[in-house]
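# Examining the three-dimensional arrangement
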Amino acid sequence: MAAVSVDSAFPRSPRGTVKLARALVASVAFFCFVASRSRGAYTALAGLEAAITALFFLLYLLQLDKKLGWLCWPLADIFNSVISALFLLVVCLFAVIIKTNDGTLAGGVLGLVLLVLCVVDAVLLSRKISLGQPTGRNTPAK
């Protein structure tokens, strides 16, 4: 079995910091929704967002994206960020507008903060992807 290498600089990088912030804010929003006994959609969205973001963080931390090269992981991460942002926009706006109690309102506001973090993450990741362009040091000079 091959040893897994850890990228110790990733948590301190801008992308790593945004991933950690997304996971933390999603977890806090999840606990706000659970504590307020909110509807299942609010709780499920926040919980899944925390879990998926943590899995992407581990993927990059353990450099599994390089070992599993059959998928363009940054592109999959961008799709995750954009789709999460769309779901968060709809669900958290409902949570803020309906505000059945203070926990739902707090979770909705945190969800909107999470929406901004998703957009920031998508922008940071889009800078990393170069579709159709050669990458690396061995590219010919123009």
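Details of the structure are given in the entry above.
Procedures and definitions
Residues numbered from 1 in each chain as written. Predicted model: local features only at pLDDT ≥ 70, side-chain atom pairs only at ≥ 80, totals over all residues. Heavy atoms only, no water. Salt bridge = Lys/Arg side-chain N within 4 Å of Asp/Glu carboxyl O. Helix = DSSP H or I, 4+ residues; strand = E, 2+ residues; numbered from the N terminus. Buried < 20%, exposed > 50% of the residue type's maximum accessible area, 1.4 Å probe, protein only. Expected span 1.5 Å × (residues − 1). Phe/Tyr/Trp six-rings, centres within 6.5 Å; stacked < 30°, edge-to-face > 60°.

## So, the pattern of salt bridges
The tally for this structure, following the rule as stated, stands at 4 salt bridges. Between Asp77 and Lys19 there is a salt bridge, with the nearest N and O atoms lying 2.7 Å from each other. Here Asp77, found in helix α4 (residues 73-98), pairs with Lys19, found in helix α1 (residues 14-35); they are 58 residues apart in sequence, far enough to count as distant. The burial state of Asp77 is the same as that of Lys19; both residues are buried. What you see here is one network of salt bridges that share partners, running through Lys19, Arg22, Glu49, Asp77 and Asp121.

## Overview of the environment of Leu64
Along the polypeptide, Leu64 turns up in helix α3 (residues 64-67). Counting along the chain gives 58 residues from Leu64 to Val6, while the straight-line C-alpha distance between them is 9.3 Å.

## So, α4
For α4, with 26 residues, the first-to-last C-alpha span of 37 Å sits near the 38 Å given by 1.5 Å per residue. Along α4, the residues that are buried comprise Trp73, Pro74, Asp77, Ile78, Asn80, Ser81, Ser84, Ala85, Leu88, Val91, Cys92 and Ala95. Two residues or fewer past α4, Lys99 is found with a positive phi of approximately 35°.

## Some points on the packing of aromatic side chains
All told, the structure shown has 7 aromatic pairs when counted by the stated rule. On the numbers, 5.5 Å between centres and 45° between planes, the contact of Phe10 with Phe57 is tilted. You can see Phe10 sitting in the segment before α1 and its partner Phe57 sitting in helix α2 (residues 40-61), a full 47 residues away along the chain. Residue class for Phe57 comes out buried when judged on its relative accessible area of 12%. An angle of 65° between the planes, with centres 5.4 Å apart, marks the rings of Phe30 and Phe31 as edge-to-face.

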